[in-house]
Amino acid sequence: MGLKNKDLLGLKQLTAEEIMEILDTAKTMKMVLTSGNKKTSHLQGKSVITLFYENSTRTRLSFELASKYMGSASANISATGSSVAKGESLLDTARTIDMMATDIIIMRHSHSGAPHFIAPHLNASVVNAGDGMNEHPTQALLDMFTIYEKLGSLEGKKIAICGDIYHSRVVRSNAIGMKKLGADVSIYGPKTMMPVGIENLGCRVADNVADCVKDCDAVMGLRVQLERQHKSLFPSVAEYSKFYAITPEMLELAKPGALLMHPGPCNHGVELPTAVYDCDQSVINEQVTNGVAVRMAVLYLLMARRNQI
Amino acid sequence: MKIVLENAKLYNGKKEDLFIEDGVFANAFDKKDADKTYDLSGKTIFPGLVDMHCHLREPGYEYRETILTGTMSAAKGGYTSVCPMPNTNPVCDNAAVVNGILKKAKEAGYARVYPIGACSKDLDGKLLAEIGLMKEAGIVAVSDDGKPIATAELLRKVMEYSSDFDIPVLNHCEEKTISDGCMNEGTVSTCLGLRGIPTAAEDIMIARDIIMAEYLDIPIHICHVSTKGGVRMVREAKARGVKVTCETCPHYFTLTDDCCETYDSNFKMHPPLRTKEHLEAVIEGIKDGTIDAIATDHAPHHVDEKCVEFQIANNGIVGFETAFALGYTYLVKPGHITIDRLVELMCFNPSKILKLGRGGLEVGDDADLAVFDLENEFVFDKNKMLTKGRNTPYDGFKLYGETYLTIMGGKVTYEKLC
């Protein structure tokens, strides 16, 4: 089977079969990752570059470790400290990396569509590590992998996603991907953070946090992106945490033992109280491990496709 | 110079040969005396088109377009009169810049150029520009195009002051405080993760402008209407007798916001492409006379300004060389409007709104005309354009209405070779 496209730009471009293949491959990769000897040779003799125009801890490090565990030559460049700071255009930067016989470019960019823009110009495969408010496909894949691993399937599962929907690329990728796997996704956030027409992505817009999380199999909090908050979309953190946070009371409305998820980084006490972050149902820390496994799977499958052609 | 155009039919169906002498339409003379005779069998003659809204980029942005290349492009589109907006560098907010533009236009000689002056000095929305002195120099209207007249205070002053000089005011209607986006706000922008510009932003300012025009009883012209609400409000205002006119552009009746799905900045313009519902309302407004004119908003940009991330790409597309064919193919061919109505929209009405006195085909009138091939389909090729810009969304479109010949003041300004 394998992946159809050269690049991984988003969940929009993946079929349900491709998503399942990534998740099943990630199961194997997780075994490798937790086996003690993490070294494989799947990317031996290959090169993987991470190109990050925005800050990142989890995504960048997990991609880097994933590629190194699999034996590739890897390096990273960021906007500061590269020629980007001298004003080089995105396309010139991407072509420059491409011309160093790079196999895979993993890019995070503040502009939606930036990876879609460069991908057709490059020989290398482009992996979207988050583009503006559009998509964050590997985050959604690791979220889906976590549910798949814990609950056996996404088919018919009820998933709640609460928080800053407007700015969230995580919610877009998850809503699109989870729907493809047959889950029912409900979303909720302040109206000032709810983009027009989001229901047309196939998710239900709930009336309040309680309505959103009720009887759910998994509840995901989203980070309030305070750095994107250049316009006041809510009056205060105190008010947000009172009316929009996933509190222990709210979590009780979900199915017993429902998974509590968060893509990180978390603003403790804003979207989640620390008590919820650390509760028994929380899989937030395990999501991080799964992130490495899923990214190993993505790199493996993209490279397999490159090797075929 | 004597020219004879024979074997063509006029747009209104009449079949007659046209004679041109000394730059004007003349009485029939002996064809043997003609310096040049065109056999226009199978072609259709129109009055030269008038574009009331374009950007020629000179002075200041000659790397995008010059008055020479811009008017050559206009001629290739069948235009003989064009009205460039004032957002040049320096801004066209004083008589010296107007004079400079007119001098270059005369040297170029490919189209009549009627500059539009700025409403406010440096387009900054604060102090009135020298509208009277610019009128003496040759402007035909004022606009802060690209920058909406932000406050009701300035709008009132501009309308009142301009009316002293019988100068129309053209406004790009957009409430900027809710326009922090790069495409239409809706399902598509949400799906693409792009910030949207709501139709309400356009509607709010159109409402304000209509209210002001009604209150002052002074005309206002709304630039490039793209929304259902805008069309509706203009229709209602006209019915009440408010002195409001408006234009739209070919992209608002041919393309919708889902064209942005590939993040191709050739679909990025201001106002943004809307949904089908709004496109249909624009066509309805064109049909029932609410919309007075079709303008191009010809906006050439350099490839370096377009071949970038969607959000940071410049707004706008080139339009001279596709406007007529799009109007004919998308409005006349499907039967929305007659060919006579298309001529009103693309020639008579803009000429009337700006008082240019263009569009005559009678003996004694300036010989401004365009000849189109309405019979044969052609494939539009962006690399064959005469504009410097390559920013068109219509590359590869199959259209009817290719330009065959353009004559301005008796001078051939465009001729299709074979």
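Quick note: structure is the one above.
Reference entry: report on the structure contained in this document. Everything numeric here is computed off the predicted structure, so don't read it as measured data. (Residues numbered from 1 in each chain as written. Chains lettered and ligands numbered in written order. Predicted model: local features only at pLDDT ≥ 70, side-chain atom pairs only at ≥ 80, totals over all residues.)

Considerations on the overall build of chain A
Scanning chain A from terminus to terminus reveals eleven helices and nine strands. With the C-alpha coordinates aligned to their principal axes, the bounding extent of chain A is approximately 55 × 45 × 35 Å. A total of 309 residues make up chain A; the buried ones form 50% of that total. (Helix = DSSP H or I, 4+ residues; strand = E, 2+ residues; numbered from the N terminus. Buried ≥ 20, exposed ≤ 12 C-beta atoms within 10 Å, placed from the backbone.)

Focus: the environment of Ile286 of chain B
Residues and elements named next belong to chain B. Within the element layout of this structure, Ile286 appears in helix α9 (residues 276-288). Note: C-alpha distance between Ile286 and Phe253 (33 residues apart in sequence) is 9.3 Å. Once residues within four sequence positions are removed from consideration, Ile286 is found in contact with Thr248, Phe253, Ile291, Leu331, His336, Ile337 and Leu345. (Contact = placed C-beta atoms within 7 Å.)

Looking at the nonpolar core
All names here are of chain A. Formed by 224 residues in total, the largest nonpolar core has its most connected members in Val219 and Leu299. For this core, the element with the highest residue contribution is helix α11 (residues 284-308), accounting for twelve residues. When residues of this core are assigned to domains, at least three fall in each of domain 1 (11-135 + 288-308) and domain 2 (137-287). Non-local contacts of Leu299, meaning those with residues more than four positions away in its chain, are made with Leu43, Val48, Ala66, Ser67, Met70 and Ile104. (Core = buried A, V, L, I, M, F, W, Y, C linked by C-beta atoms within 7 Å. Domains from an automatic or database assignment.)

A short note on the sheet that holds strand β4 (residues 125-131) of chain A
All names here are of chain A. Read from one edge of the open sheet, four strands run β2-β1-β3-β4, paired in parallel fashion. At either end of the open sheet lies a strand with only one pairing partner, and these are β2 (73-78) and β4. Recorded for the sheet is a direction-independent mean angle of 15° between the axes of neighbouring strands. Relative to β4, strand β3 (residues 104-109) is paired through five bridges, and the arrangement is parallel. (Pairing = 2+ DSSP bridges. Axes fitted to C-alpha atoms, helices over the stretch in contact; angles between N-to-C directions.)

Focus: the interface of chain A and chain B
Listed per partner, the contact involves 21 residues of chain A and 17 residues of chain B. At three residues, the largest contribution of residues to the side of chain A that touches chain B is made by helix α4 (residues 114-118) of chain A. For the side of chain A that touches chain B, the per-class residue count stands at nine nonpolar, nine polar and three charged. (Nonpolar A, V, L, I, M, F, W, Y, C, P; charged D, E, K, R; others polar.)

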